[in-house]
Amino acid sequence: MSDLSEQEYDEDQEGVDEPEISQGEGDEGENDGAEHEEEEKLPEIPLTEEMVGESLSLLCKIGSGLAHAYVRLDVKEKEVTDISLLSTFIHLRYVDLSINMIRDISPLNSLTHLLTLKLDRNLLLTPKLDQLPYLQVASFANNRITTTEGINHPLLESVNLSFNMISSISGLDPTILGRLHTLELRGNKLTTTAGIYLPNLKNLFLGGNLINKIEGLGRLEHLTTLHLRDNQLEKLDGFSENMKQLQYVNIRGNNFVDVKETSKLKCLPKMRALILSESPLSDEDDYRMEVLINLRRLERLDKDEFTEEERQEAEEIYEQRRAEEMAAEGTEEVIHSDTEDV
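Attention here is on the structure that accompanies the text. Owing to the predicted nature of the structure, the values given are computational and were not obtained by experimental measurement.

Moving on to a negative patch on the surface. Taken together, the side chains of Asp 283, Glu 284, Asp 285, Asp 286, Glu 313 and Glu 316 make up a negatively charged region of the molecular surface. With respect to the element layout, Glu 284 can be found in the loop between strand E11 (273-275) and helix H4 (287-294).

Looking now at the pattern of salt bridges. As enumerated under the stated definition, the model contains 14 salt bridges in all. Between Asp 96 and Lys 76 there is a salt bridge whose closest N-O contact spans 3.8 Å. Taken together, the residues Asp 96 in strand E3 (residues 94-96) and Lys 76 in the loop between strand E2 (67-74) and E3 connect sequence positions 20 residues apart. Given a relative accessible area of 9%, Asp 96 falls into the buried group. Here Arg 300 and Glu 305 are joined by a salt bridge, their closest N and O atoms 3.1 Å apart. One network of salt bridges, with partners in common, ties together Lys 235, Asp 237, Glu 261 and Lys 264.

Below, the discussion takes up the pairing of E2. Taken together, the six bridges between strand E1 (residues 56-62) and E2 define a ladder with antiparallel strand orientation. Counted as the bridge partner of Cys 60 is Ala 69 from E2. Taking the residues between adjacent antiparallel strands as the criterion, E1 and E2 are bridged by four residues, where Gly 63 takes a positive phi near 60°. Taken together, the three bridges between E2 and E3 define a ladder with parallel strand orientation.

Counting residues in hydrophobic clusters, the biggest one holds 77 residues, and the most contacted among them are Leu 86, Phe 140, Ile 196, Leu 204, Phe 239 and Leu 274. Taken together, the elements giving at least two residues each to this core come down to helix H3 (49-55), H4 and helix H5 (308-341). In terms of residue count, the dominant contributor to this core is H4 (five residues).

For H4, the buried fraction is high: seven of the eight residues fall into the buried class. Of all the residues in H4, the buried ones are Tyr 287, Met 289, Glu 290, Val 291, Leu 292, Ile 293 and Asn 294.

Parameters and conventions
- Residues numbered from 1 in each chain as written.
- Predicted model: local features only at pLDDT ≥ 70, side-chain atom pairs only at ≥ 80, totals over all residues.
- Heavy atoms only, no water.
- Patch = residues over 30% accessible without salt bridge, like charges linked within 9 Å, V, L, I, M, F, W, Y side chains within 5 Å.
- Areas by Shrake-Rupley, 256 points an atom, 1.4 Å probe, with all protein chains shown as cover.
- Salt bridge = Lys/Arg side-chain N within 4 Å of Asp/Glu carboxyl O.
- Lys, Arg positive; Asp, Glu negative; His and termini not counted.
- Charge placed at Lys NZ, Arg CZ, Asp CG, Glu CD.
- Helix = DSSP H or I, 4+ residues; strand = E, 2+ residues; numbered from the N terminus.
- Buried < 20%, exposed > 50% of the residue type's maximum accessible area, 1.4 Å probe, protein only.
- Pairing = 2+ DSSP bridges.
- Core = buried A, V, L, I, M, F, W, Y, C linked by side-chain atoms within 4.5 Å.

Next up, the structure:
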């Protein structure tokens, strides 16, 4: 059995809550326009000294250790539009500005001691910042970001860009982002996985996009968890034997119709859990058995582990089919030889 825990097998373990989808897709453009117009009319609410004072915490030593400063700032749900004041708070290490109306984050370029930055549910169009030498965790979920450019923080370990408007991935420099192990891009407008070459990436979340092709992932040799649920995949091309650590693959809610596609995952030596539910394939008779015949090292399909009885039956069917294929090949060779003699 694999060493994956129950939590790691949960296909709904992804972090940020999925936003509610408004009804009436035909009115989406009109609603967006009205929303933008309403936001343009919103009053400017700059971050003030008073607001900062109420939101600071965690007194720590700074510099040589002789002075102290508060290093945590939590300003959430204040409808703040302008954070210019923060450029003077250079000792901040943990900043949470979620659920505001912020468009411009350039004042954060001065915060070179930042370790954690959360800007979920704002009005950002880009995550771009100057290089922050100590930043380890950054979250920009639920904004209006259209690009992955400008993320160049050398100690960054986790970044969340879910529920934005990103249609392609670019600018993720592997020579700078060598410590990045978790990348979340769920709920965007991606049509391909191309553009992700991060050699130490372990967890990749790409669910809820428009992806119809797996590209560029074959070099992710340290990847252990891959979420591609609720996309538009029909084929499972794009996996590679170089993906030596991949254990959990979630491709639930795609458009697979042929169980033979699962045989393309044989190249993954450590894959133990596969989520394929809510696709046309999962409604077929003997779905579980046919997948297990193709992937006999698999321990779990969807929510259920395979039993020993299922394993034994799959092995027997596999050997029987293999013998039949060999016999058929032998017959063809004999027929071919006889034809040549004539």
